[in-house]
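Structural features, examined
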Amino acid sequence: MKEAILLVGGKGTRLRPLTVHTPKPMVRAAGVPFLTHQLARAAAAGVEHIVLATSYLAEVFEPYFGDGSALGLHLEYVTEEEPLGTGGALRNVAARLRSGPHEPVLVLNGDILTGLDIRSLARTHEESGADVSLHLTKVTDPRAYGLVPTDASGRVLAFLEKPQTPEEIVTDQINAGAYVFRRSVIDGIPQGRPVSVERETFPGLLAAGAHLQGMVDSTYWLDLGTPAAFVRGSADLVLGRAPSPAVPGRCGDRLVLPTAVVAPDAKLTGGTVVGEGARVAEGARVSGSTILPGAVIEPGAVITDSLIGTRARIGRRSVLTGTVIGDGAVVGADNELRDGMRIWCDARIPAGAVRFSSDQ
């Protein structure tokens with residue numbers, strides 16, 4: 001399997017304000033744009049040619065990755081003028097594929113962090129003779145997902161909507177968002193209109209008698225669609241829990257990028273990343289968090305499971321837990337920001353303006 005399509009056109013609305021100026025696949029995870037990890041893992045599995053299906057802020061991808069030679073790849077870029085959905089995006093880039101009608105094409109979603117064995121999925125596809133092979137993963141609570149039951153051989157039996165009652169939970173297997181398509185199947189997707197592979201293409205193929213094969217791989221899987229998940233995914237990459245050849249340094253409790261400055265008594269733990277040009281001052285404690293390039297953490301600040309945007313500043317003694325700070329925002333001294341709070345880009349919070357505890 002030498003060819004792949006990466007779907008990177010989504011607006012990432014659930015990740016705002018991280019995605020106000022940056023498309024979701026370009027938000028940094030473990031020190032590099034998240035897309036870098038996917039490209040590197042595809043290259044390690046033998047993929048040589050990748051087409052990026054872009055849409056939102058499409059102009060930022062090519063200046064960063066160029067022709068892909070730095071990653072040992074040949075990259076091409078195709079931009080949707082209007083959103084076409086997952087299936088429509090695949091059809092929109094089909095003309096750039098080089099594979100023959102019966103050859104395999106890897107398809108990856110741009111917001112899934114996974115330890116999937118890509119070569120194993122390719123083998124499953126080849127050995128089963130499937131039209132499409134799907135990566136499936138098992139989840140403890142499948143109520144938030146569409147279900148994909150299979151028979152004893154792994155052949156997909158149905159695509160079921162999110163279960164509403166316990167009786168509807170017939171499997172714990174869900175679609176994990178990575179596929180191998182026979183090239184001719186991509187060419188058969190309707191052109192020029194929105195198409196969802198999950199809701200239209202896959203059920204239509206089943207109804208037509210096509211062979212869809214599932215391969216269960218539950219090593220590591222995380223949908224990075226929310227800020228909390230994105231921060232966790234970055235930390236897992238740094239800690240080595242999620243595999244990637246693109247982490248720019250050794251796995252461990254912390255990753256400090258070149259030109260970042262960290263005070264000797266500052267404490268960084270839990271897979272924390274400090275980006276280029278960022279500064280973490282004396283007495284600060286940062287755990288499981290991402291500090292993007294140029295951000296400043298002032299003395300005594302305590303930051304846990306949070307993401308601090310590019311050029312943002314966190315004031316002295318402020319305490320942040322499970323929060324997202326947009327690019328260029330300033331949080332004054334002695335504030336307390338708790339789980340789920342999002343501070344928009346370039347916002348200003350005065351000293352002591354937000355608190356959950358007494359000022360005594």
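Residues numbered from 1 in each chain as written. Predicted model: local features only at pLDDT ≥ 70, side-chain atom pairs only at ≥ 80, totals over all residues. Heavy atoms only, no water.

Another point: the nonpolar core. With 28 residues, the main nonpolar core has Ile-5, Leu-90, Val-132, Phe-181 and Phe-202 as its most contacted residues. Taken together, the elements giving at least two residues each to this core come down to β1 (3-7), β4 (49-54), α3 (85-93), β6 (104-109), β8 (132-138), β9 (173-182), α5 (183-187) and α6 (197-207). With near-sequence residues (within four places) excluded, Phe-181 lies in contact with Leu-90, Glu-103, Pro-104, Val-105, Val-107, His-125, Asp-131, Val-132, Ile-186, Val-197 and Phe-202. (Core = buried A, V, L, I, M, F, W, Y, C linked by side-chain atoms within 4.5 Å. Buried < 20%, exposed > 50% of the residue type's maximum accessible area, 1.4 Å probe, protein only. Helix = DSSP H or I, 4+ residues; strand = E, 2+ residues; numbered from the N terminus. Contact = heavy atoms within 4.5 Å.)

Right, let's talk about unusual backbone geometry for a bit. Leaving glycine aside, a negative phi is the common case for residues, and trans is the common case for peptide bonds. Here Arg-16 and Pro-17 are connected by a cis peptide whose omega angle stands at 15°. Here Pro-17 lies in the loop between β1 and β2 (28-29). Within the chain, Thr-259 stands out as a residue other than glycine whose phi angle is a positive 75°. Tracing the backbone through its elements, the reader meets Thr-259 in the loop between β12 (254-256) and β13 (261-262). According to the relative accessible area criterion, Thr-259 is exposed, its value standing at 61%.

Bringing the side chain of Arg-91 into the picture now. Along the chain, Arg-91 turns up in helix α3. One buried charge, Arg-91, has no salt-bridge partner; the nearest side chain with opposite charge is Asp-187, at 4.6 Å. Contact partners of Arg-91, with chain neighbours within four places excluded, come to Ile-186, Asp-187, Ile-189, Pro-190 and Gln-191. (Lys, Arg positive; Asp, Glu negative; His and termini not counted. Salt bridge = Lys/Arg side-chain N within 4 Å of Asp/Glu carboxyl O.)

Next up on the list: the sheet that holds strand β28 (residues 348-349). Taking strand neighbours across the sheet as the criterion, the six strands line up as β13-β16-β19-β22-β25-β28 in an open arrangement whose pairing is parallel. Of all strands in the sheet, those bounded by a partner on one side alone are β13 and β28. Pairing geometry for strand β16 (residues 279-280) and strand β19 (residues 296-297), over two bridges, is parallel. Bridge pairing links Arg-279 to Val-296 in β19. (Pairing = 2+ DSSP bridges.)

Right, let's talk about the pattern of salt bridges for a bit. Inspection of every chain in the model, using the stated rule, returns 15 salt bridges. Its salt-bridge partner being Glu-48, residue Lys-2 comes within 3.7 Å of it at the nearest N-O pair. Taken together, the positions of Lys-2 in the segment before β1 and Glu-48 in the loop between α1 (34-44) and β4 put the pair 46 residues apart, joining distant regions of the chain. Since its relative accessible area comes to 45%, Glu-48 is described here as partly exposed.

Residue position: Glu-198 is located in helix α6. For the pair formed by Glu-198 and Pro-293, sequence separation is 95 residues and the distance between their alpha carbons is 37 Å. Within polar-contact distance, the side chain of Glu-198 engages the side chain of Thr-86 at 3.0 Å. In terms of polar contacts, Glu-198 uses its side chain to reach the side chain of Ser-196, at 3.0 Å. (Polar contact = N/O pair within 3.5 Å; in protein donor to acceptor, adjacent residues only side chain to side chain.)

Turning next to α3. Most of α3 sits out of view: seven of its nine residues are buried. Taken together, the buried positions of α3 are occupied by Thr-86, Gly-87, Gly-88, Ala-89, Leu-90, Arg-91 and Val-93.

Turning our attention to the UniProt feature "domain: Nucleotidyl transferase" (unreviewed entry) in the protein. Residues given the UniProt feature "domain: Nucleotidyl transferase" (unreviewed entry) here are residues 4-236. In residues 4-236, the share of helix is 27% and the share of strand is 23%. The end C-alpha atoms are 25 Å apart. (UniProt positions renumbered as here; feature names shortened; annotations may be inferred.)

Here the focus is α6. Taken residue by residue, α6 has Val-197, Thr-201, Phe-202 and Leu-205 as its buried positions. The arc that holds the buried residues of α6, viewed along the axis, is 85°, so those residues lie on one side. Away from its buried face by more than 90 degrees, α6 exposes Arg-199 and Ala-207. Buried-residue contacts for α6 involve α3, β8, β9, α5 and β10 (212-216). At the exit of α6 stands Gly-209, carrying a positive phi of roughly 90°. (Arc of directions from axis to C-beta.)

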